[in-house]
Amino acid sequence: MNLYLDRFFAPIQEAFEPANALPGTYSPGLVALSVFIAVIAAIVALSTSARIAAAKSKRARAAWLTAGGGCMGGGIWGMHFVGMLAFSLPCGISYDPLITLISMVPGMLASTVSLLVISRGDRITFRELSIGAVLQGGGIGAMHYAGMAAMRLDALLLYDVYTVALSVLVAVVLAFVSLGILVLLRSVDAFRPLAIPVAAIVMGCSVAGMHYTAMQAALFFPLTNVLGTESTLDPTTMAIVITLLVVCFGAATLAAAFAGRQFETASELRQEIDRRAVLELEARANHARLQAIMDNIDAGIVTINQQGTILHWSPGATATFGYTLEEVLGQNISMIMPAEHSDNHDNYLAHYLQTGERKIIGIGREVTGRRKDGSPVPIDLAISETQLEGKPLYIGVMNDITERKQNHAELVQAREEAEAANKAKSLFLANMSHELR
């Protein structure tokens, strides 16, 4: 049973039996070149999808979409044309220039839409992936059959319905597989570098698979008895020209993508440098404010590490103990303790590091310190603990209570003197009373 698309418009004649079709042959080198063109175009187009996703503005996104869609569509068209040049018939073949150029449009539009879909990255859904594959496969099919319509030859071109449908199905299925591979491999860090090469190979094969399956659906029947006319085009020369055009456009697109990536990296670095500069200024301002507060506090503030090494020494501590910052920085805190307590301090640190027992953390108490001249100084001490880069630091706030102790001693002395006076007065009154009696 004969199945041709033209049967819906005209009755089948006996001369159009498949056995009477003209025999077609392929040039293996040009066939391989056509597949190479499709793969290269797919690599370039898929590489631009990252730039589409990273675009900061609608204008940049549209520019990358146009470049990627144009490269992929042009690559599909180039593959198709080289594949057609690889095919030869025993009759002359030429192409209508206008229709040949118009045939590029469906492939470019479909490629642009599919790139827009896959640029969504991990957010892409199965439905969106399917739509992208259908549009990509349909665009490849539309481009192919539009390009076939541009053929001018001494033969009648008919199509087998089932093979035509199979060719479109091949394009859609392989486009879905290639886009699915791209999304899947991008989601796994270990396979991310393989995502574009593997998906591009499958996509290139989908274009070539559709083309050569569609060529099997085409049957050419002679219209005259005169055969053997040479083709009006030199296949090899045209194939080389088309390949160079596709490769040059792809190289330009890749160069633009690389330049865009470098520009984005430089822009991100500038933003990061600016952000860190702002943070540094804020940190300096905060440090200056904190330093100003600490410098104007009467209390001495000392920071030490687990080994008891002094890391910070405030002006208030200098006023209390007489040591300058340069004299105490890097020294052990025991230098401001009385000799009888400094040895115990080292023992306490060792015990604390082993057991984590907190005997003085968070507890305010009165202790005795040692000034630079060796004289004792009573201080009110409160210690707190904090973590810096995973290591504990201890902050001691010390107030010189010498004046308070003196005031207290004077009050005690005054009270004792008052009590003694009262006692003497009472004794005097008692003696006087006794003498009067």
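Scanning the chain from terminus to terminus reveals 12 helices and 11 strands. Counting across all 437 residues of the chain, residues that qualify as buried make up 38%.

Residues L46, L89, M148, M151, L153, Y159 and F220 are the most contacted members of the largest nonpolar core, which totals 59 residues. With 12 residues, the single largest contributor to this core is helix α7 (residues 195-217). Leave out the neighbours within four places in its chain, and M148 touches H80, M84, L157, Y159, M215, A218 and F220. Judged by nonpolar contacts, the second largest core, of 18 residues, contains I310, F321, V328 and I379.

The interhelical angle for the contact between helix α2 (residues 58-86) and α7, taken along N-to-C directions, is 40 degrees, at an axis separation of 10 Å. The pairing of α2 with α7 is recorded here as oblique in orientation. The interaxial crossing formed by α2 with α7 has right-handed handedness. Two secondary-structure elements touch here, α2 through M72, I76, M79, H80, G83 and M84 and α7 through M203, V207, A208, H211, Y212 and M215. Broken down by class, the residue content of the contact of α2 with α7 amounts to 9 nonpolar, 3 polar and no charged.

A surface patch of nonpolar side chains, about 390 Å² in accessible area, is lined by L98, I102, V105 and L109. Of all the secondary structure elements, the ones that give two or more residues to the nonpolar patch are α3 (97-102) and α4 (104-118). Residue classification places L109 among the exposed positions, given a relative accessible area of 54%.

With that settled, consider the side chain of S178. Along the chain, S178 turns up in helix α6 (residues 161-186). You can call S178 buried: its relative accessible area is 0%. Excluding residues that lie within four positions of it along the chain, S178 makes contacts with A199, V202 and M203.

Of all 5 residues that make up strand β7 (residues 300-304), 5 are buried, and the element is covered over most of its length. Here β7 shows two buried faces, one formed by G300, V302 and I304 and the other by I301 and T303. Of the strand pairs in this sheet, β7 and strand β11 (residues 391-400) are connected by 5 bridges, and their pairing is antiparallel. Within the sheet, the bridge partner assigned to T303 lies in β11 and is I395.

About the cut-offs
- Residues numbered from 1 in each chain as written.
- Predicted model: local features only at pLDDT ≥ 70, side-chain atom pairs only at ≥ 80, totals over all residues.
- Heavy atoms only, no water.
- Helix = DSSP H or I, 4+ residues; strand = E, 2+ residues; numbered from the N terminus.
- Buried < 20%, exposed > 50% of the residue type's maximum accessible area, 1.4 Å probe, protein only.
- Core = buried A, V, L, I, M, F, W, Y, C linked by side-chain atoms within 4.5 Å.
- Contact = heavy atoms within 4.5 Å.
- Axes fitted to C-alpha atoms, helices over the stretch in contact; angles between N-to-C directions.
- Parallel < 35°, antiparallel > 145°, perpendicular 65-115°, else oblique.
- Left-handed = near helix turned anticlockwise from the far one by under 90°.
- Nonpolar A, V, L, I, M, F, W, Y, C, P; charged D, E, K, R; others polar.
- Patch = residues over 30% accessible without salt bridge, like charges linked within 9 Å, V, L, I, M, F, W, Y side chains within 5 Å.
- Areas by Shrake-Rupley, 256 points an atom, 1.4 Å probe, with all protein chains shown as cover.
- Salt bridge = Lys/Arg side-chain N within 4 Å of Asp/Glu carboxyl O.
- Pairing = 2+ DSSP bridges.

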